Amino acid sequence: MTTVITSGKTVEDAVNQGLAELGVSRDKVEIQVLEQPSKGFLGLFGVKAAKVEVSLLPVPEAAPQPIKPATPEPEIEALLEGVAVHNPYEEAAAFLKEVAAGMGLDVEVHIKKQRDGHIFNISGKDLGMIIGRRGQTLDALQYLTNIVANRYSESFVRIVLDAENFRQRRRKTLEDLAERLAGQAIRTGKEVVLEPMPPLERKVIHAKLQNHPQIKTLSKGEEPNRRVVITLK
């Protein structure tokens, strides 16, 4: 292998990864930057890592050398010692703070470990911008935060974002909505079609009505326009 293409959060990260894969020091390669890192609009969308091409320089012919025991070259050992070990949760929290700063917000991220993942509770002022209409911005940030965390993790990690206890309040709102619309379906004898919802919110509606004696629920349509339908059994 004489050439590798690697990516990283910064050009330097990408170069270091390429050096590690080739097992050489920087003076033995030629580096070409293919893509500069990009944060996209307010750091929310279009996040793009740096990409570089690292190629070994031609080695001049030399007289045969005595065979030496296979021991790591000093420069390789130094390179490996310099490779940074990233904590995926710290990287994800740093990403969130950076995005918030781009929105003019100063926030703190409190990490809580649970059985099936980690919850990042965001605290600070004016968090309505972080949450967005019906949690849409929070959901988008959660998606991107999971991408960042898994970039630095050897195994899959799952992160749920919350701010001002929004997740619990939204669940209560959806459960009340489910009960109210179930009553409407019973009174009118007609099915009720809800507005499009993300999968987790549809799951709340289904779970709330799954044991209802008169009502059943189903989902129809394609993402992102998939809807819950409430109808009589």
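Up top you'll find the structure we're talking about.
A brief look at the structure comes next. Fair warning: this is a prediction, and the values are worked out from it, not measured in the lab.

What counts, and where the lines are drawn
- Counting starts from 1 at the beginning of each chain's written sequence and moves along it residue by residue.
- Selection of residues for local features in this predicted model requires a pLDDT of at least 70, selection of side-chain atom pairs for listing and counting requires 80 or more, and totals for whole chains, interfaces and linings are taken over all residues.
- Calculated side-chain values reflect all of the structure's heavy atoms, with hydrogen atoms and water omitted.
- Helix numbers and strand numbers start at the N terminus; a helix is a DSSP run of H or I with at least 4 residues, a strand a run of E with at least 2.
- To estimate how far a helix should reach, multiply one less than its number of residues by 1.5 Å.
- Under the scheme applied here, a residue whose accessible area is under 20% of the maximum for its type counts as buried, over 50% as exposed, and between as partly exposed, the area being computed with a 1.4 Å probe on protein chains only.
- Contacts are residue-level and defined by heavy atoms, with any inter-residue pair within 4.5 Å sufficient.
- Whenever a nitrogen or oxygen atom comes within 3.5 Å of another N or O atom, the pair is scored as a polar contact, on the condition that within protein one atom can donate a hydrogen and the other can accept it, and that pairs from neighbouring residues in sequence are kept only if both atoms are in side chains.
- Residue types Ala, Val, Leu, Ile, Met, Phe, Trp, Tyr and Cys, when buried and joined through side-chain atoms within 4.5 Å, form a set referred to as a nonpolar core.
- Every axis corresponds to a line fitted to the C-alpha atoms, with the helix fit spanning only the stretch in contact, and the corresponding angles, defined between N-to-C directions, vary from 0 to 180 degrees.
- Here the angle decides the label: under 35 degrees means roughly parallel, over 145 means roughly antiparallel, 65 to 115 means roughly perpendicular, and every other value means oblique.
- If you view the pair so one helix is near and one far, a crossing is left-handed when the near helix is turned anticlockwise from the far one by less than a right angle, and right-handed when it is turned clockwise.
- Three categories are distinguished: nonpolar for Ala, Val, Leu, Ile, Met, Phe, Trp, Tyr, Cys and Pro, charged for Asp, Glu, Lys and Arg, and polar for the others, with Gly belonging to the last.

1. A few points about helix α3 (residues 88–102)
Here's step 1: Over its 15 residues, α3 runs 21 Å from end to end, which matches the ideal 21 Å to within 8%, given 1.5 Å per residue.
Here's step 2: Taken together, the buried positions of α3 are Pro88, Tyr89, Glu91, Ala92, Ala93, Phe95, Leu96, Val99 and Ala100.
Here's step 3: As for α3, its buried residues are in contact with β4 (107–114), β5 (117–124), α4 (128–131), α5 (136–151) and β6 (159–163).
Here's step 4: The N-cap of α3, judged by a side-chain oxygen 2.8 Å from the amide nitrogen of tyrosine 89 a few residues on, is asparagine 87.

2. Things to note about the nonpolar core
Here's step 1: In terms of nonpolar packing, the biggest core is built from 27 residues, with Leu96, Phe120, Ile122, Ile130, Ile159 and Leu161 touching the most fellow members.
Here's step 2: Those elements that place two or more of their residues in this core are α3, β4, β5, α4, α5 and β6.
Here's step 3: Of the residues forming this core, the biggest block, seven residues, is contributed by α3.
Here's step 4: Non-local contacts of leucine 161, meaning those with residues more than four positions away in its chain, are made with Leu96, Phe120, Ile122, Leu138, Leu141, Gln142, Thr145 and Arg167.

3. Quick look at the environment of isoleucine 31
Here's step 1: Its location among the elements puts isoleucine 31 in strand β2 (residues 29–35).
Here's step 2: The exposure class assigned to isoleucine 31 is partly exposed, which follows from its relative accessible area of 31%.
Here's step 3: When sequence neighbours within four positions are dropped, the list of residues in contact with isoleucine 31 reads Val15, Arg26 and Glu53.

4. Concerning the side chain of arginine 170
Here's step 1: You can see arginine 170 is positioned in helix α6 (residues 166–188).
Here's step 2: The exposure class of arginine 170 is buried, given its relative accessible area of 15%.
Here's step 3: When residues no more than four places from it in sequence are discounted, the contact partners of arginine 170 are Arg134 and Glu201.

5. Here's the deal with the packing of α3 against α5
Here's step 1: Interhelical geometry of α3 versus α5 gives an angle of 140° and a closest axis separation of 8 Å. Regarding the angle of α3 to α5, the classification is oblique. The element α3 and its partner α5 pack so that their crossing is right-handed. On the side of α3, the interface is formed by Pro88, Glu91, Ala92, Phe95, Leu96 and Val99, while α5 contributes Leu141, Leu144, Thr145, Val148 and Ala149.
Here's step 2: Classifying every residue of the contact of α3 with α5 by side-chain character gives nine nonpolar, one polar and one charged.

6. Structural notes on unusual backbone geometry
Here's step 1: Across the junction of glutamate 223 and proline 224, the peptide omega takes the value 5°, indicating a cis bond.
Here's step 2: Its place among the elements puts proline 224 in the loop between β8 (215–220) and β9 (227–232).
Here's step 3: Phi at aspartate 126 is positive, roughly 55°, even though this residue is not glycine.
Here's step 4: Along the polypeptide, aspartate 126 turns up in the loop between β5 and α4.
Here's step 5: Notably, asparagine 165 is not glycine yet its phi reads approximately 55°, a positive angle.

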